[in-house]
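# Structural description and commentary
Here's the letter readout for the chains.
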Amino acid sequence: KKRAPQAVTAVKKFAQKMMKTDDVRIDVKLNKHIWSKGIRNVPDRIRIKISRKTNDDEDAKEDMYSFVTVADCTDFKGLVPKIV
């Protein structure tokens, strides 16, 4: 029923699986892009960019965290995963 929060948790779960870090942080632009059509009508596809960064916080459990941003994409035809 409420799809936008489920989409945010799905993005976090995907980033945890791919980058093997428990600490996942979502960029403000990605959050606004997910919520752009409201709570019920999320975009069909989103191209994201995940980067692993070092954690500067001394009290953190892990030394790395994943930062998820939205990638600019106008057309989804012919796209393949790209590791940078």
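What comes next concerns the included structure. (Residues numbered from 1 in each chain as written. Predicted model: local features only at pLDDT ≥ 70, side-chain atom pairs only at ≥ 80, totals over all residues. Heavy atoms only, no water.)

### A short note on the overall build of the chain
Scanning the chain from N- to C-terminus turns up two helices and three strands. Taken from N to C terminus, the helices and strands of the chain fall in the order α-β-α-β-β. Dimensions along the principal axes, computed over C-alpha positions, put the chain at roughly 40 × 30 × 20 Å. When each of the 84 residues of the chain is scored for burial, the buried share is 21%. Of the contacts formed within the chain by residues at least 6 apart in sequence, a portion of 56% connects residues at least 24 apart. If you sum the accessible surface of the chain, you get close to 6900 Å²; carbon and sulfur atoms cover 50% of it. Each charge sign in the chain was given a centre, from 20 positive and 12 negative side chains, and these centres are 13 Å apart. (Helix = DSSP H or I, 4+ residues; strand = E, 2+ residues; numbered from the N terminus. Buried < 20%, exposed > 50% of the residue type's maximum accessible area, 1.4 Å probe, protein only. Contact = heavy atoms within 4.5 Å. Areas by Shrake-Rupley, 256 points an atom, 1.4 Å probe, with all protein chains shown as cover. Lys, Arg positive; Asp, Glu negative; His and termini not counted. Charge placed at Lys NZ, Arg CZ, Asp CG, Glu CD.)

### Digging into the pattern of salt bridges
Under the counting rule described, the total for this entry stands at one salt bridge. Among the ionic pairs, R25 bridges to D23, the shortest N-O distance being 3.0 Å. Given a relative accessible area of 32%, R25 falls into the partly exposed group. Given a relative accessible area of 26%, D23 falls into the partly exposed group. (Salt bridge = Lys/Arg side-chain N within 4 Å of Asp/Glu carboxyl O.)

### Digging into the environment of G38
The topology assignment puts G38 in the loop between α2 (28–34) and β2 (48–54). In this structure, the C-alpha to C-alpha distance between G38 and V68, residues 30 residues apart in sequence, is 20 Å.

### Details of unusual backbone geometry
We note that K20 has phi near 60°; this positive angle belongs to a residue other than glycine. By the element assignment, K20 lies in the loop between α1 (3–19) and β1 (24–26). We classify K20 as exposed; its relative accessible area is 72%.

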